[in-house]
Amino acid sequence: MALRSILIAPDARLKEKSKPVEGPVTDEHRRLMDDMLETMYDAPGIGLAAIQIGEPLRIIVMDLAPDGEPKKPRYFVNPEILSRSEEMFAYEEGCLSVPEIYDDVERPARVRLRYMDYNGKQIEEDCEGLYAVCIQHEMDHLEGVLFIDHLSRLKKEKALAKLKKAKKLAEENKEHRL
Ligand code: NI
């Protein structure tokens, strides 16, 4: 396993649409999922899409186990939402690619999901609560969409300005590092 660096917005790659995994899930995909999980735990975060480490593939990892409880990694290859509830649910979201910005996003409260797991087994299941929030947030990444894209124009512009400023500062600090 290897730690990979996480792309930070604004970055054109985060707007890319990720491609489906063609054919079966291979050891190469599993290596990528292992790296993604390690990177996500290190960050730390609860979900990560492959494009966030620069790999435009429809692969997501997640672990929603509360702190102090045994880890429960989940892997999603080519996830698809089969149906969404009409009922909506608002949750304060953040994103490893959008550091230090948190805001409420409203999404369908429940979704029916189909995906392949780590071993390529096809699974269908109903998600709700944080699981539904997280899978919809991560699946947005596969379409090149960030949670700040769901905010009002004003809030999104403020968030982008903050991100650009932080990026510039980080660059300057790098230049001055001896
Ligand atoms: Ni995210």
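Figured I'd write up the structure that's included with this text.

What counts and how
- Residues numbered from 1 in each chain as written.
- Predicted model: local features only at pLDDT ≥ 70, side-chain atom pairs only at ≥ 80, totals over all residues.
- Heavy atoms only, no water.
- Donors = N, O, S within 2.8 Å, 3.2 Å for Na, K, Ca; no water.
- Helix = DSSP H or I, 4+ residues; strand = E, 2+ residues; numbered from the N terminus.
- Buried < 20%, exposed > 50% of the residue type's maximum accessible area, 1.4 Å probe, protein only.
- Pairing = 2+ DSSP bridges.
- Axes fitted to C-alpha atoms, helices over the stretch in contact; angles between N-to-C directions.
- Contact = heavy atoms within 4.5 Å.
- Core = buried A, V, L, I, M, F, W, Y, C linked by side-chain atoms within 4.5 Å.
- Salt bridge = Lys/Arg side-chain N within 4 Å of Asp/Glu carboxyl O.

1. Quick look at the coordination of the nickel ion
Here comes step 1: Protein coordination at the nickel ion: the donors are Cys95 (SG), His137 (NE2) and His141 (NE2), at 2.1 to 2.2 Å from the metal.
Here comes step 2: Expressed as a motif, the donor residue spacing for the nickel ion is C-x41-H-x3-H. Taken together, the residues span a long stretch of sequence, with Cys95 in strand β4 (residues 88-95) and His137 in helix α2 (residues 129-142) at a distance of 42 residues. As far as burial versus exposure is concerned, Cys95 and His137 are alike and both buried.

2. Regarding the sheet that holds strand β6 (residues 110-116)
Picture the strands of a sheet paired through backbone hydrogen bonds; they go either parallel or antiparallel.
Here comes step 1: What the five strands build is an open sheet, ordered β1-β2-β3-β6-β7; its pairing is antiparallel. At either margin of the open sheet sits one strand with a lone partner, and together these are β1 (47-49) and β7 (122-128). Across the sheet, the mean angle separating the axes of adjacent strands is 40° when strand polarity is ignored.
Here comes step 2: Looking at chain direction, strand β3 (residues 73-84) and β6 are connected through five bridges and run antiparallel. Its bridge partner lying in β6, Val77 is registered against Met116.
Here comes step 3: Those strands touched by helix α1 (residues 27-42) are β1, β2 (59-63) and β3, and its axis lies near 40° from that of β2.

3. Details of the nonpolar core
Here comes step 1: Counting residues in hydrophobic clusters, the biggest one holds 18 residues, and the most contacted among them are Phe76, Leu113, Tyr131 and Ile135.
Here comes step 2: Elements supplying a minimum of two residues to this core: β2, β3, β6, β7 and α2.
Here comes step 3: Sort the elements by how many residues they give to this core and α2 lands first, with six residues.
Here comes step 4: Non-local contacts of Ile135, meaning those with residues more than four positions away in its chain, are made with Ile60, Met62, Phe76, Val111, Leu113 and Cys127.
Here comes step 5: Within the second largest apolar cluster, 16 residues are counted, among which are Val21, Val25, Met36 and Val77.

4. Side note on the pairing of strand β5 (residues 98-108)
Here comes step 1: Direction of pairing for β4 relative to β5: antiparallel, over a ladder of seven bridges. From the neighbouring strand, Ala90 faces β5, where its bridge partner is Glu106.
Here comes step 2: Between β4 and β5, which pair antiparallel and follow one another directly, the connecting turn spans two residues.

5. Side note on unusual backbone geometry
Here comes step 1: A cis amide bond, omega -5°, links Ala9 with the succeeding residue Pro10.
Here comes step 2: Checked against the element boundaries, Pro10 lands in the segment before α1.
Here comes step 3: Phi at Asn78 is positive, roughly 50°, even though this residue is not glycine.
Here comes step 4: With respect to the element layout, Asn78 can be found in strand β3.
Here comes step 5: At Glu100, a position not held by glycine, the phi torsion is positive, near 65°.

6. Here we look at the pattern of salt bridges
Here comes step 1: Counted under the stated rule, the structure contains 17 salt bridges.
Here comes step 2: The shortest N-O distance in the salt bridge between Glu124 and Arg112 comes to 3.2 Å. Linking Glu124 in strand β7 with Arg112 in strand β6, this pair joins segments that are twelve residues apart in sequence.
Here comes step 3: Looking at Glu124, the relative accessible area reads 38%, which means it is partly exposed.
Here comes step 4: Classification of Arg112 by relative accessible area gives partly exposed; the value is 27%.
Here comes step 5: With a closest N to O distance of 3.5 Å, Lys174 and Glu171 form a salt bridge.

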